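Tertiary structure, described
Okay, here's what each chain looks like letter by letter:
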Amino acid sequence: MSKIIRIGTRDSALALYQAKTVQNQLKELGHQTVLVPLKSTGDIVLDKPLHELGITGIFTRTLDIAMLNGDIDIAVHSFKDVPTQLPTGIVQAAVVKRGNVRDTLVFKNNEEFLGSRHAIIATGSLRRRAQWLNRFPTHTIVDLRGNVNTRLQKLEDSDWNGAIFAAAGIGRLDIRPEDAVNLDWMIPAPAQGTIMVVALEEDTETIEILAEINHKETEICTKIERDFLRKLEGGCTAPIGALAFIKDEELTFEGILLSKDGTKKIEVKRVKAVGEHHDIADWCANYILDRGGNRLMDELKESHVKTNIYSTKSLTEDQRFLFSDKVKAESSDFVKISLNRIHPRFLKNEIENVVITSQNAVEALLTNYSAVELQFKNIYCVGRRTKKMIEKRIGEVLHTEKNAKKLAEYLVDFIEGTEVTYFCSDVRLDDLPEILTKSGIKVNEVEAYQTKLDSIELPETVEGVMFYSPSTVQSYKKENEGTGIAFCIGETTAKEASKHFDDVRIAKVPTVESVIELVNEHYV
């Protein structure tokens with residue numbers, strides 16, 4: 001080729017290394033080249049995580065524009081940074097033989113923190129973050145941006161325990177620290193460790209030259225990984241890992257999709273003979289999607305939408321699915337329960353009248369004793385679900401009411417005898433014991449479980465909060481002001497919420513699903 005091939009590259013040390021690798025291979029084939037370093041948006045903007053920048057192909061766009069403008073002939077990329085859909089007029093022309101595909105943990109001092117409950121790990125990758133939190137859920141992840149040398153220096157200057165890097169990057173620059181270990185359990189990004197070259201589709205002469213440096217096995221494996229990624233419709237905003245490799249005429253593929261916090265994980269692994277592998281990406285992607293991946297991808301795509309409803313009780317996947325399209329709900333347990341040991345003296349004789357106001361009390365009783373040991377003559381309870389649980393696991397319920405106050409009023413008129421045993425929490429409302437005591441009914445309180453208030457500060461975008469007990473309201477108030485709407489499961493909860501909220505609404509029936517329905521009605 002008579003003309004000099006202009007090789008576009010980012011100007012970081014690693015990008016220049018990769019560009020020089022391509023340059024040397026072309027030189028060996030007798031072609032003249034020149035490097036054209038350019039600075040990308042991804043290199044300029046260092047104060048935000050990549051997934052917050054909202055730019056597809058953040059490390060490739062600048063080079064794409066330069067190529068389409070005729071300023072460069074080819075561009076060299078880290079393949080994992082390239083979007084699955086190339087710009088019109090630009091095509092993949094070659095991949096260089098793959099390097100180390102793994103992620104590497106660079107740590108400080110020693111690796112003892114891996115067995116510790118608390119540690120701080122740095123990474124700017126959602127995929128690495130999600131996989132690390134899935135394995136070490138109590139660790140803290142901090143964001144880490146910049147070129148490889150900058151990130152290593154930030155680790156050195158920090159109080160972090162470690163940071164995660166691509167093994168290929170620190171290896172190619174020959175700056176891998178001694179205190180580093182490959183994470184063989186972590187599935188890498190699709191095409192990680194691979195150098196990829198693009199050219200203009202119309203430049204057939206250059207494409208033919210680049211075909212001479214193309215490594216076929218690497219091309220096959222990276223195509224499968226990126227087809228899997230494309231099928232899942234992911235990009236740098238989704239925690240997706242994929243790895244294909246060939247050994248002994250067999251192609252093995254491993255894929256993973258996670259939630260951003262690592263609490264949800266769907267994995268797949270498949271082995272096919274080389275030559276029979278052409279449907280492996282589709283098959284594995286469909287396997288992931290059919291096992292909850294569709295819903296998880298929907299959640300990931302909607303994650304940029306601001307939360308407007310918060311539940312003070314963790315919601316199940318099925319419950320989340322019940323919200324209308326106008327609702328972006330998040331949840332966590334604002335009340336944590338610890339079951340107590342119930343001393344045998346409370347249960348050594350048959351108890352004539354038992355009062356149970358929550359499912360937690362039922363769990364505490366059954367954790368301590370078998371149903372046969374619970375000699376209860378008359379059982380009174382609060383709530384349909386508590387009643388259902390008691391009758392399924394202990395025995396018949398004589399009477400149930402919607403809340404403790406109504407149950408107390410019923411007992412005043414209809415109780416057999418003048419004494420009740422009340423299995424309750426260390427935190428409970430005074431209505432029931434006060435009403436019964438004033439009416440001459442003795443109340444024997446047994447602390448079956450403890451209630452710990454565990455609130456968090458909610459974002460300003462929250463317009464309404466879902467409450468399920470007075471305790472959840474009290475917990476909420478520890479960190480938040482009573483603004484917006486209080487969606488309550490019942491009257492007792494609403495009574496507590498009305499002390500802090502101007503707008504309090506009560507569900508038709510005391511179930512989580514009914515509270516969700518109440519929320520949806522507001523957003524019609």
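Per chain, the residues get numbers from 1 upward, laid out in the order the sequence is written. A pLDDT threshold of at least 70 governs which residues receive local features in this predicted model, and a stricter bar of 80 or more applies before side-chain atom pairs are shown or counted, although totals over entire chains, interfaces and linings include all residues. Values reported for side chains reflect all heavy atoms of the structure, with hydrogen atoms and water molecules removed beforehand.

**Observations regarding empty space enclosed by the protein**
A cavity here means a set of 1 Å grid points, computed over protein atoms only, where a 1.4 Å probe fits but cannot escape. A pocket is an open set with protein on both sides within 12 Å along at least 5 of 7 lines, and lining residues have an atom within 4 Å of a point. Grid points are joined across faces, edges and corners, and a volume is the space filled by probe spheres set on the points. Counted under the stated rule, the structure contains 1 cavity of 30 Å³ or more. What the largest cavity holds in volume is close to 40 Å³. Taken together, Thr60, Asp64, His77, Val82, Pro83, Gln85, Leu86 and Pro87 make up the lining of the largest cavity. The residue classification treats Ala, Val, Leu, Ile, Met, Phe, Trp, Tyr, Cys and Pro as nonpolar and Asp, Glu, Lys and Arg as charged. All others, Gly included, are polar. Per-class residue counts for the lining of the largest cavity are 4 nonpolar, 3 polar and 1 charged.

**Observations regarding the sheet that holds strand 12 (residues 250-258)**
In this scheme, strands are said to pair when DSSP sees at least two bridges between them. Helical segments are the DSSP runs of H or I of at least four residues, strand segments are the runs of E of at least two, and each set is numbered from the N terminus. Taken in spatial order, the 3 strands make up an open sheet running 11-12-13, and their pairing is antiparallel. The two strands at the open ends of the sheet, each matched to only one other strand, are strand 11 (240-247) and strand 13 (265-273). With strand direction ignored, the average angle separating the axes of adjacent strands in the sheet is 10 degrees. In this sheet, strand 13 lies alongside strand 12 in antiparallel orientation, the contact comprising 9 bridges. Considered in strand 13, the bridge of Leu258 is made with Lys265. Sheet strands in contact with helix 5 (residues 126-135) are strand 11, strand 12 and strand 13, and its direction is about 85 degrees off that of strand 12. Whether two residues touch is decided by their heavy atoms; if any such pair falls within 4.5 Å, the residues are in contact. Only the stretch in contact is used when a helix axis is fitted, and all axes are lines through C-alpha atoms; the angle between N-to-C directions ranges over 0 to 180 degrees. Against the sheet, helix 9 (residues 216-232) contacts strand 11, strand 12 and strand 13, and its axis sits at roughly 150 degrees relative to strand 11.

**Observations concerning the environment of Ala361**
Positionally, Ala361 belongs in helix 12 (residues 359-368). On the basis of relative accessibility, which here comes to 0%, the residue Ala361 falls in the buried class. C-alpha separation for the pair Ala361 and Val327, spaced 34 residues apart in sequence, amounts to 33 Å. Only protein chains enter the accessibility calculation, which uses a 1.4 Å probe; a residue is then buried when its area is under 20% of its type maximum, exposed when over 50%, and partly exposed in between.

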